[in-house]
Amino acid sequence: MSEETKKTPRAISRREFLRDAGIVVGGTAVSSALFLSACGKEVEVTKTVTTTAPGSTVITTAPGTTSTVTKTAAGSTVTKYACPVCNKEFDSLEALKAHYDSVHETTASVTGNTIKLTVNRELYEVMVESQTTLYSLLHRLGWMGVKRFCDRGACGSCTAIVNGRPILTCMALACEFDGAIIETAEGIAKDKHPLIEAYVQNDCMQCGYCTPGFVTTAKALLDRNPNPTEEEVVEAIAGNLCRCGTYPQHTIAILEAAKNL
Amino acid sequence: MLYACGYASPYASAKIISMDTSEAEKMPGVRAVLRYDDPEFGNGKTVMSAFFFSTPIVPQTTFFFGEQMGVWICADTEDIAQEALTKVKIEWEERTPVLDIMEALDPSSPIYHPEHEQPFYMPPGEVTTNITGGDEGMKLGDVEQGFKESKHVIEFDYKRNIHGCCNAEPMVGISQWQGECLELWVHHQYPYSFKWVMHNLFGIDENKVRVNTPFGGGSFGGFSACEVGSIYQAVSAIFAKRTGKPVKTITRRRDEVAVIAVNDSGHYHFKVGFNDDGKIIAVWSRSYFEHTATVNPLSHLLENTSIPNLDCQRVHVGRNKGYTGPYRCEQQPGTAAMALVFARVAAELGMDPTKVALINDGADGKGMDYLANYKQEHGFDPNRDSLKECLEIGKAAIGWDEKWHEPGAKKLENGKMHGLGFVWDHEWDSTRGAGAAGVFIQQDGTANIVTTRCDNGVNAESSYAQIVAEHLGVKYEDVFMRAQEDNQLYAMTPDGSCNLCTNGYAVRKAAKRCKQKLLEMAVTDYDIDGEGIFPACFPGLKATDLDVKDGWVYEIANPDNKMTVKDVVTDNMGYQFPAPDRMIQTAVKGPVFAWAFHRQGRFGAEYWSHRLCRQAHFWEVEVDTETGEIEIKKVVNTNDVGKVVNWGGALGQQYGGTYMGAGRNRQEEYIYDQSTGVLLNGNLYEYKWTTIKDVGPIDCHLVETGLGFGPYGACGIGENVGTVTQFGLTSAVYNAIGKWILEDPITPDKVLKALGKAQEE
């Protein structure tokens, strides 16, 4: 087994674990999620959008649904809407709503604002209610790198980089971020940013729960200041809490990563 | 997945008279409700926790603000569940809470929880006292005689205000039934206990319960060791059974914070007799603890010192705040007593506290000569003196000899008062624990450590992989431990700082046995059902002629005669065929797997073993006498861990313990409304954890004397720093301002009061 393999993140992430436990997550290369509001409460709907080459066979799945095999003509698009309760698929949102009304609830209405987001270079079109936090939305889209820790913007564990700035997503309303470009720890890791290797080599993680927040905050620092002093690093991560308390190792790792940019 | 949330009590002491959940149950998205009067799991039905506690799953009464009681609601989303809870209508019998434990001792005080189980030493019946436990404790020698023999006798009090647990990751429990089988995902340090818990709750056979333990975010004991530690999992399993879906119970941060605090909170009283040479002759203590205290306060003086006369009584007192439990760790009453007794004696004599420590080092009331003999008898180097070695390194690192001064004697140019503090204790633990683990070699030559264990970030995987790699003879990067799934073998749980010293032995034994199987396989011919002989990899040799290194099996006398581990284990008949034919049916060689169990001591605890490793910590502070603020300028930690297996992991424990200790003794405290018992700062804005900016440079040193009972002479470290170093702050503040502040946390108001610049309330 190579050194590189040894040091890659664990095979089963929390995201994958929760996905297997039944949470519906957006799927394919271009995917969207609509939030079906039933009696004022959000219920998630997964829409799988698949664009195919002429005459090809596509198997699309979403967790908990049955496979859909589709043969398409040139350039056509197949869209399915999955019921969040029983996973039955429908060809249109109206058909899904009618099913939901008749089978699961007495009334259902689609409410909220539609916003577009790019998260770790994946495009989403999402309908959200006004009180939906950015943290909640990112979680529903499957991006678990933002963590619920203090639940009120005191700890930094929910940090995501939004349009280049580190933002506490638990304190941010999703509806304010139409058109935003968002980066979470998963995207930073996928890009093999030097921070990842530096964090591993310097034993910065113990339980690891706060680590995505630290890495994201650090990335935001290095994006705007690729050559920070130790004091600047400390200042930047002073808003991130770690109960395991490996703070000094974070500073070393970030300075090391800066040298390897 | 469905989500379940519990009703958080708005009162510190109350009883539900009636409850109307009809509006909540009608809400769209609500799938099930579990009430306190549920015929199957209500009406006082209990669930067991990891230790011997049993607690009602859905209590009808509450004894603290924020307790999850009365009703749980299961819904499509967490938001729906929480909103449904607001629609529950309850008729309450409100009761007067009692918050101060000294008031709670007054016979006229309200009973904090009339329905609570009677203390074991009282006959069953109506609860008439707030005393929940305690003991007449721990005695050594004759303290009264000791005081007579002492030149000096002092008495002093110490108060530890209640401070908190709260893990990084909120408490959850996830359960799913598949027919008669139950699968759990637990956020808990004792996952193996849940087979028994569910067996008792549902009557299910333990072999039908599968317990997975995903990575745990910041678990330091606390909830896992608490009476209510199984509630979340039990509720999720009940709802999963009733709804037919997987269910996740989840709590709000505010409610979780209210549940449990650290079990060193209370009032301590000490009487200490000593002589002019610094020799401590007798210590007597009577201490009152909030809810419970796991260890006797004088236990470290017994385990660590030559003090010949000790007597300690402790009383546990119930009050209307949450539970208390071990949180990095239960030793805090012992470390508090150790630190304060030594600091006070040194201060009374005007002696260097490091010298007082050396004078009194020992165990069970006996001195260093006794310990030297003990070391020799047990195979240790009698010439290694752990405390001396720690002091030498630590004093040099902090500049002790140059900087230490009389109390209150050094004012800096910036107007602040300089202070230097010191604290010491033994290092724990290498004398208890039990665990099992296996080692399995895959067909590609890589190896798995097969065990189940909570992974809460103590770097166990790295350490165990190092040990297996060394003793199996493969590369470190070819060893993988995936402890999150139910492997049916259970390693020692992360607690007690004794994991390496227990699991290290278990994985080492398993690796050695696995290596033996590998070598035996390498020299064995295999008869393929009469079709012929599949020859050995090393024909004509014995297993003792071979060894393994870096993934190669080789002949000791002729190292060029070698073959990779992969080639030895690969079953050329069964497994090496193309994919469709790689079937177990054609296998000739069996799997290379071995397992081992290790118990470190009798019944998993061997308190007769003396603890031979020591730790010493030094704090440098500046105290602003105008504002009362304390600036921590530098901390030096020296821990003798016997043998370091994973340096990065051990250093991380030193750093982490320092930040936690700084928080505990400088700013962490739960604040309650004194009339209602409502927790006012149950959030991380107002309950202040230490940030990176709150402590100056931390200089950590690891000492390796080999005096631990763990593998390679190792001893633990996980809890050691966080539980001990904090009292270096106490003695540093005294050194700075010449006044003792014996109430933690040492907040600015207390400093100003000690300086006479603020009035007592």
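This structure is a prediction, so every number in the text was calculated from the model and none was measured. (Residues numbered from 1 in each chain as written. Chains lettered and ligands numbered in written order. Predicted model: local features only at pLDDT ≥ 70, side-chain atom pairs only at ≥ 80, totals over all residues. Heavy atoms only, no water.)

Visitor: Mind showing me how you'd approach the overall build of chain A here?
Guide: Helices and strands together make up the secondary structure of chain A, namely 9 helices and 11 strands. The burial tally for chain A puts 53% of its 261 residues in the buried class. Of the roughly 11200 Å² that chain A leaves accessible, carbon and sulfur atoms contribute 53%. (Helix = DSSP H or I, 4+ residues; strand = E, 2+ residues; numbered from the N terminus. Buried < 20%, exposed > 50% of the residue type's maximum accessible area, 1.4 Å probe, protein only. Areas by Shrake-Rupley, 256 points an atom, 1.4 Å probe, with all protein chains shown as cover.)

Visitor: I would appreciate a short explanation of the pairing of strand β30 (residues 614-623) of chain B in the present structure.
Guide: The two faces of the sheet receive side chains in turn, since in a regular strand these alternate between them. Residue and element names in this part refer to chain B. Across the 10 residues of β30, 10 count as buried, placing the element largely inside the fold. Side-chain alternation along β30 places Arg614, Ala616, Phe618, Glu620 and Glu622 on one buried face and Gln615, His617, Trp619, Val621 and Val623 on a second face that is also buried. As paired strands, strand β20 (residues 417-426) and β30 are joined by 10 bridges and run antiparallel to one another. Looking at β30, one finds that Trp424 is bridged to Ala616. Two elements, β30 and strand β31 (residues 630-640), share 9 bridges in a ladder whose sense is antiparallel. Paired with Trp619 across the bridge in β31 is Val635. A loop of 6 residues connects β30 with β31, the two strands running antiparallel in sequence, and Gly628 in this loop sits at a positive phi of about 85°. (Pairing = 2+ DSSP bridges.)

Visitor: What exactly am I supposed to notice about the packing of aromatic side chains here?
Guide: Under the defined criterion, the tally for this structure stands at 31 aromatic pairs over all chains. A ring pair is formed by A:Phe214 and A:Tyr247, whose centres lie 6.2 Å apart and whose planes are at 55°; its orientation type is tilted. Of this pair, A:Phe214 sits in helix α7 (residues 211-224) while A:Tyr247 sits in helix α9 (residues 247-259), placing them 33 residues apart in sequence. For the pair A:Phe214 and A:Tyr247, one class covers both residues: buried. Ring centres 5.3 Å apart and planes at 35° place the aromatic pair B:Phe422 and B:Phe618 in the tilted group. With B:Phe422 in strand β20 and B:Phe618 in strand β30, the pair connects residues that are 196 residues apart, well separated along the chain. (Phe/Tyr/Trp six-rings, centres within 6.5 Å; stacked < 30°, edge-to-face > 60°.)

Visitor: Is there a simple way to explain helix α8 (residues 230-237) of chain A in this structure?
Guide: For the α-helix, the turn length of 3.6 residues means that residues three or four positions removed from each other point alike. Residues and elements named next belong to chain A. Taken as a whole, α8 has its buried residues at Val233, Val234 and Ile237. Within α8, the buried residues cover an arc of 100° as seen down the axis, which keeps them to one side. In the core, the buried residues of α8 are packed alongside α7 and α9. (Arc of directions from axis to C-beta. Contact = heavy atoms within 4.5 Å.)

Visitor: Before we go on, may I ask you to explain empty space enclosed by the protein in this structure?
Guide: Using a probe with the size of a water molecule, rolled over the atoms, empty space left in the structure can be pinpointed. All names here are of chain B. Scanning all chains against the criterion turns up 10 cavities of 30 Å³ or more. What the largest cavity holds in volume is close to 100 Å³. Lining the largest cavity are Pro56, Ile57, Pro59, Phe64, Glu67, Gln68, Trp72, Phe223, Val228, Ile231, Tyr232 and Val259. Looking at the lining of the largest cavity, the elements that each hand over two or more residues are β7 (68-75) and α6 (231-243). Here the residues of the lining of the largest cavity sort into 10 nonpolar, 1 polar and 1 charged. (1 Å grid on protein atoms, 1.4 Å probe; cavity = no way out; pocket = protein on both sides within 12 Å on 5 of 7 lines; lining within 4 Å. Points joined across faces, edges and corners; volume = space filled by probe spheres on them. Nonpolar A, V, L, I, M, F, W, Y, C, P; charged D, E, K, R; others polar.)

Visitor: Looking at this structure, how should I read the side chain of B:Arg344?
Guide: Residues and elements named next belong to chain B. With respect to the secondary-structure elements, Arg344 resides in helix α9 (residues 332-349). The buried category is assigned to Arg344, whose relative accessible area is 11%. Residues contacting Arg344, with those up to four places away along its chain left out, are Ile154, Phe156, Trp740 and Leu742.

Visitor: When you look at the confidence of the model for chain A in this model, what are you seeing that I'm missing?
Guide: The predicted coordinates of low-pLDDT regions are not to be read in fine detail. With 64% of its residues at a pLDDT of 70 or more, chain A has an overall mean of 74. Predicted confidence for residues 1-75 of chain A stays below pLDDT 50, and this span has 177 contacts to residues more than four positions away or in other chains. (pLDDT = per-residue confidence, 0-100.)

Visitor: I tried to follow the nonpolar core on my own but got confused; where do I start?
Guide: Formed by 142 residues in total, the largest nonpolar core has its most connected members in A:Ile254, B:Leu34, B:Ile57, B:Ile73, B:Met198, B:Phe202 and B:Phe239. Each residue touching B:Met198, except ones within four places of it in the same chain, is listed here: B:Leu182, B:Leu184, B:Gly203, B:Ile204, B:Val209, B:Gln233, B:Ala234 and B:Ala237. (Core = buried A, V, L, I, M, F, W, Y, C linked by side-chain atoms within 4.5 Å.)

Visitor: Which parts of the structure should I look at to understand the environment of A:Asn113?
Guide: Residue and element names in this part refer to chain A. Within the element layout of this structure, Asn113 appears in strand β7 (residues 113-119). With 14 residues separating them in the primary sequence, Asn113 and Met127 have C-alpha atoms 5.2 Å apart. Setting aside its immediate chain neighbours within four residues, Asn113 contacts Val126, Met127, Val128 and Cys175.

Visitor: Quick question: what am I supposed to make of the sheet that holds strand β6 (residues 61-62) of chain B here?
Guide: Residues and elements named next belong to chain B. Strand order across the open sheet formed by 3 strands is β6-β2-β8, with antiparallel pairing between neighbours. Looking at the sheet topology across the chains shown, the edges are occupied by β6 and β8 (89-94). Here strand β2 (residues 14-20) runs beside β8; their pairing, made up of 6 bridges, is antiparallel. Its bridge partner being in β8, Asp20 is matched across the sheet by Lys89.

Visitor: When you look at the interface of chain B and chain A in this model, what are you seeing that I'm missing?
Guide: The parts lose accessible area when they come together, and the size of an interface is often stated as this lost area. Of the residues lining the interface, 60 residues belong to chain B; the matching set on chain A comes to 42 residues. A per-residue breakdown of the area chain B buries against chain A is headed by B:Phe215, B:Glu477 and B:Ile692, which together make up 15% of the total. At the boundary of chain B and chain A, one finds 3 salt bridges. B:Glu78 is paired through a salt bridge with A:Arg148; the nearest N and O atoms lie 2.7 Å apart. Contributions of two or more residues to the side of chain B that touches chain A are made by α2 (78-86), β14 (247-250) and α17 (647-666) of chain B. Here the residues of the side of chain B that touches chain A are counted per class, giving 24 nonpolar, 20 polar and 16 charged. (Buried area = accessible area lost by both parts, 1.4 Å probe. Salt bridge = Lys/Arg side-chain N within 4 Å of Asp/Glu carboxyl O.)

Visitor: I would appreciate a short explanation of the side chain of B:Thr431 in the present structure.
Guide: Residues and elements named next belong to chain B. Tracing the sequence through the fold places Thr431 in the loop between β20 and β21 (434-441). You can call Thr431 buried: its relative accessible area is 2%. Within the structure, the side chain of Thr431 is placed 2.6 Å from the side chain of Asp429, a separation counted as a polar contact. (Polar contact = N/O pair within 3.5 Å; in protein donor to acceptor, adjacent residues only side chain to side chain.)

Visitor: Looking at this structure, I do not really get the pattern of salt bridges. What am I missing?
Guide: When charged atoms on two side chains of opposite charge get close, those side chains can pair. All names here are of chain B. On inspection of all chains with the given rule, the structure shows 43 salt bridges over all chains. Glu620 is paired through a salt bridge with Lys403; the nearest N and O atoms lie 3.0 Å apart. A residue pair is termed long-range when its members are at least 10 positions apart, and Glu620 in strand β30 and Lys403 in helix α13 (residues 400-403) qualify at 217 residues. The class of Lys403 is partly exposed, set by a relative accessible area of 26%. The network of salt bridges with shared partners includes Glu303, Asp429, Arg432, Asp495 and Arg611.

Visitor: Looking at this model, I keep getting lost on the packing of helix α10 (residues 353-360) of chain B against helix α12 (residues 386-398) of chain B. Mind explaining?
Guide: The packing of two helices is summarised by the inter-axis angle and the distance between the axes. All names here are of chain B. Following both chains from N to C, one finds α10 and α12 inclined at 170°, their axes separated by 11 Å at the closest point. Judged on the interaxial angle alone, α12 and α10 are roughly antiparallel. On α12, the residues touching Thr354, Ala357 and Leu358 of α10 are Leu387, Lys388, Leu391 and Lys395. By residue class, the composition of the contact of α10 with α12 is 4 nonpolar, 1 polar and 2 charged. (Axes fitted to C-alpha atoms, helices over the stretch in contact; angles between N-to-C directions. Parallel < 35°, antiparallel > 145°, perpendicular 65-115°, else oblique.)

Visitor: Sorry, what's going on with the state of the cysteines here?
Guide: Disulfide: a covalent bond connecting the sulfur atoms of a pair of cysteines. In total, this model carries 0 disulfides over all chains according to the counting rule given. In this model A:Cys204 remains outside any disulfide bridge; the closest cysteine sulfur is found in A:Cys242, 9.5 Å from its own. The exposure class of A:Cys204 is buried, given its relative accessible area of 2%. The thiol of B:Cys514 is not disulfide-bonded; the next cysteine sulfur, from B:Cys537, is found 15 Å away. With relative accessibility at 0%, the residue B:Cys514 sits in the buried group. (Disulfide = S-S within 2.5 Å.)

Visitor: Looking at this model, I keep getting lost on the pairing of β14(B). Mind explaining?
Guide: All names here are of chain B. Both faces of β14 are covered, namely the face carrying Val247 and Thr249 and the face carrying Lys248 and Ile250. Pairing geometry for strand β1 (residues 2-8) and β14, over 3 bridges, is parallel. When the bridges of β14 are listed, Tyr3 appears paired with Lys248.

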